[in-house]
Amino acid sequence: MEEHDCQSTTHDYPHPFIHGVKLTRAQRIRGIILGSILFPLRITLAALFFLIIWPLARLRLAGLSEEDRSRPVTGWRHWLFHPIVWLLSRAVFFSLGFLWVKVKGRRADLKEAPVLVVAPHSGFLDMLVLCPSQLATVVSRSENASLPVIGALLEFNQSVLVSRKDPESRKKAVTQVTERLTSNGYWPQMLMFPEGTTTNGRALIKFKPGAFLAGVPVQPVLLRYPNKMDTVRWTYKGTTWLEALWHTASQFYTNMTVEFLPVYNPSQEEKNDPNLYADNVQKLMAKDLGIPATDYVMEGGVPVSKLGGLSLPLESPARKTLSLLLKNGLEASEVEAALDRMIDRCQSGAQGSKASAEELASVLGLTDRETAVTVCDLYSKDETVDFRQFYLSVAALSGFVSIKTLLHTAFSLFDREGRGSLSAEDLSDLMGALLGLPQHSTTELYLEASKQGQLTEENLLQVLTTHPTYQRVVNEYLQPEEAGSHLSFTSLANWKAVNNNGNVHNSNGSLHYNKKFE
């Protein structure tokens, strides 16, 4: 495989959703000089080509009825407009510095593989892969259809549009994709990024099953950027899309390699289980790339790891909360007293468990309201916090109480009817509070812990502390920073720094991540 010569210009990250370009002083000066010349020139050329594409893309379907638009475009509309738009699309990327694209392997024809699955997904510049794939049909967010030029290109491409916020839209998109992939060559080949979001390329995150639902053969496609500086990536944190565009356009040229792997024909077991199919293709592609295949996903805009159906935050809200409290000078006794006040309020039920930023600041004894707002933002989007969630997640990581005591408290808070047993919904709320993140898939845990339809405190404690999978959840996410060492809040306070990613530098300067991928 080709080596990425970019290790010296990028940081080491705790997970694949963070990326930044680290430049030496000489590289920064060179970038400013070249960028001041190349960036405006290249952006102007790209914009010019886009303006030419815009009306041509609209013309392809102009005058067609809705019924005609629901069928693949053929005849003169295809042979006339397709090569022109393909050529102009390539010209856009050429103008941005992608002077050539190295292609390895052979692209399978439509009958061999109705869908191309591409990874890793690094950013919007990955769309260059559409040129060697002959403008294969894509799946895109419905919001993109209203964007200038992009909306016209999606219409030209007869893309499948989906709104991530609308369950009905997602169901419709699944139906459309399945129909196209099983049309026996009636619809053109599709291209999908199964990761569903962008990463730094240091690991493959869990593949979504969409491309694998139909059970048809797929062709894995690998994307590589063998450049001295890794400038193209746009991730959850770190480099912005504008910075990625600036750094890329400021280079003399940018290399891209597209490798078509052999077609993957699923077994009957994989056809029956799209998730298994997706996982096996992910592992195959990760092996060829020489990077790990992980269970990381982006869920509701939050990077998480999936384990036993649970969503485990890669950046724990509770750890960040502890770091903020440390920076504000709170002592262990003050935090413990504040947690006691919270749990008293929750158990009394007089004022409810929801609290505003002002109430949180008052309970914690904070003089800075902004810190309270920041803490609220870690748990919700409306400057409020659920004291049950705050207490359980922070108490677990502070080392103030044992897991047995903590679970007893949690059980009593969410056993709303006092039956001594939790419903499936109650369990989702309880685990969401413990982990500091809403849980939507606790069915596996519920079935494992319930007996005769009853989920008791004793059974839940037994599963969480003895079951191999859920024991990992407790040890890695519901324990102080160094599990098993009884690291307390007081010990944590002696550590030199807690950075924004929840990573802690201890007194000897070594760096500990919350969780690393294998």
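Residues numbered from 1 in each chain as written. Predicted model: local features only at pLDDT ≥ 70, side-chain atom pairs only at ≥ 80, totals over all residues. Heavy atoms only, no water.

**A word on the environment of L322**
In step 1: Relative to the helices and strands, L322 resides in helix α9 (residues 317-327).
In step 2: Distance in space between the C-alpha atoms of L322 and V394 is 7.3 Å, their sequence separation being 72 residues. (Helix = DSSP H or I, 4+ residues; strand = E, 2+ residues; numbered from the N terminus.)

**Overview of the nonpolar core**
In step 1: Counting residues in hydrophobic clusters, the biggest one holds 61 residues, and the most contacted among them are L360, F390, L392, L430, M431, L445 and L460.
In step 2: Apart from residues lying up to four places away in sequence, L392 is in contact with L406, A410, L413, F414, A433 and L434.
In step 3: A136, V232, L245 and A249 belong to the second-largest nonpolar core, a separate cluster that totals 38 residues. (Core = buried A, V, L, I, M, F, W, Y, C linked by side-chain atoms within 4.5 Å. Buried < 20%, exposed > 50% of the residue type's maximum accessible area, 1.4 Å probe, protein only. Contact = heavy atoms within 4.5 Å.)

**Structural notes on the UniProt feature "domain: EF-hand" (unreviewed entry) in the protein chain**
In step 1: The residues that UniProt annotates with the feature "domain: EF-hand" (unreviewed entry) are residues 402-437.
In step 2: In residues 402-437, helix accounts for 67% and strand for 0%; the two terminal C-alpha atoms are 21 Å from one another. (UniProt positions renumbered as here; feature names shortened; annotations may be inferred.)

**Let's talk about the packing of helix α10 (residues 332-348) against helix α11 (residues 357-364)**
In step 1: Running from N to C, α10 and α11 cross one another at 125°; their axes reach a closest spacing of 8 Å. In terms of orientation, α10 lies oblique with respect to α11. Residues A338, R341, M342 and R345 of α10 pack against E359, L360, V363 and L364 of α11.
In step 2: Partitioned by chemical class, the residues of the contact of α10 with α11 number 5 nonpolar, no polar and 3 charged. (Axes fitted to C-alpha atoms, helices over the stretch in contact; angles between N-to-C directions. Parallel < 35°, antiparallel > 145°, perpendicular 65-115°, else oblique. Nonpolar A, V, L, I, M, F, W, Y, C, P; charged D, E, K, R; others polar.)

**Section: the confidence of the model for the protein chain**
In step 1: Looking at the protein chain, the pLDDT average stands at 86 and 90% of residues meet or exceed 70.
In step 2: For residues 1-11, every residue scores under 50 in pLDDT, and the model assigns this stretch 35 contacts once sequence neighbours within four places are set aside.
In step 3: Note on residues 483-488: pLDDT is under 50 here. Beyond four places in sequence and across chains, it has 9 contacts. (pLDDT = per-residue confidence, 0-100.)

**A short note on the sheet that holds strand β11 (residues 302-307)**
In step 1: On the basis of which strands lie adjacent, the open sheet formed by 3 strands has the order β10-β11-β12 and antiparallel pairing. This sheet does not close on itself; its edge strands, each paired only once, are β10 (296-299) and β12 (310-313). Pairs of neighbouring strands in the sheet enclose a mean axial angle of 50°, with direction left out of account.
In step 2: The pairing of β11 with β12 spans 4 bridges and is classified as antiparallel. If you follow V304 over to β12, its bridge partner there is P313. (Pairing = 2+ DSSP bridges.)

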